[in-house]
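# Architecture at a glance
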Amino acid sequence: MLELRPNCECCDRDLPPESTEAMICTYECTFCKQCVDEVLHNVCPNCGGGFVSRPFRPRIARRQGVSLEHQPASTKRVQTRYSLDELKEFCEKTRHLQPEER
């Protein structure tokens, strides 16, 4: 199950569970759409993959026990261990390839 991390790993912007700005990679690295587009150029700085919009977890349990109430979003904030310059350098080397070709 997705953690639904609460922030962008790059700029630390809040990304609550209902955010339409949250983007994730296959390892659930979480960044805001602005950082994905303008800083990372759709390259995950941790794995080299691409990003997709993070799905939403239902607020209301339409099936018993299945909702944000029963499986709350994570409150643990995550920050990238790389500097902004390291992020840009890594992403620049890979951004010319489509995610499915990386």
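Residues numbered from 1 in each chain as written. Predicted model: local features only at pLDDT ≥ 70, side-chain atom pairs only at ≥ 80, totals over all residues. Heavy atoms only, no water.

### Some details on the sheet that holds strand β1 (residues 22–24)
For sheets, the rule is that strands pair by backbone hydrogen bonds, running either parallel or antiparallel. Read from one edge to the other, the open sheet built from three strands follows the order β2-β1-β3, with strand pairing classed as antiparallel. Each end of this open sheet is capped by a strand with a single partner; those strands are β2 (30–32) and β3 (52–53). For β1 and β3, the ladder comprises two bridges, and the chain directions are antiparallel. Paired with Met 23 across the two strands is Ser 53, which belongs to β3. (Pairing = 2+ DSSP bridges. Helix = DSSP H or I, 4+ residues; strand = E, 2+ residues; numbered from the N terminus.)

### A short note on the nonpolar core
Grouped together as the largest cluster of nonpolar side chains are 17 residues, with contacts concentrated most on Cys 8, Phe 31, Leu 40 and Phe 51. Secondary-structure elements contributing two or more residues to this core are β1, β2, α1 (33–38) and α2 (84–94). Not counting the four nearest positions on each side in its chain, Phe 51 is found in contact with Met 23, Ile 24, Cys 25, Cys 29, Phe 31, Val 36, Leu 40, Asn 42, Val 43, Cys 44 and Pro 45. (Core = buried A, V, L, I, M, F, W, Y, C linked by side-chain atoms within 4.5 Å. Buried < 20%, exposed > 50% of the residue type's maximum accessible area, 1.4 Å probe, protein only. Contact = heavy atoms within 4.5 Å.)

### Topic: the pattern of salt bridges
Counted under the stated rule, the structure contains eight salt bridges. In this structure, Arg 77 and Asp 12 form a salt bridge, with 3.1 Å as the shortest nitrogen-oxygen distance. Residue Arg 77 is located in the loop between β3 and α2, and its partner Asp 12 is located in the segment before β1; the two are separated by 65 residues in the primary sequence. A residue is classified by how much of its surface remains accessible, and Asp 12, at 32% relative accessible area, is partly exposed. Taken together, the shared-partner salt bridges connect Glu 3, Arg 5 and Glu 9 into one network. (Salt bridge = Lys/Arg side-chain N within 4 Å of Asp/Glu carboxyl O.)

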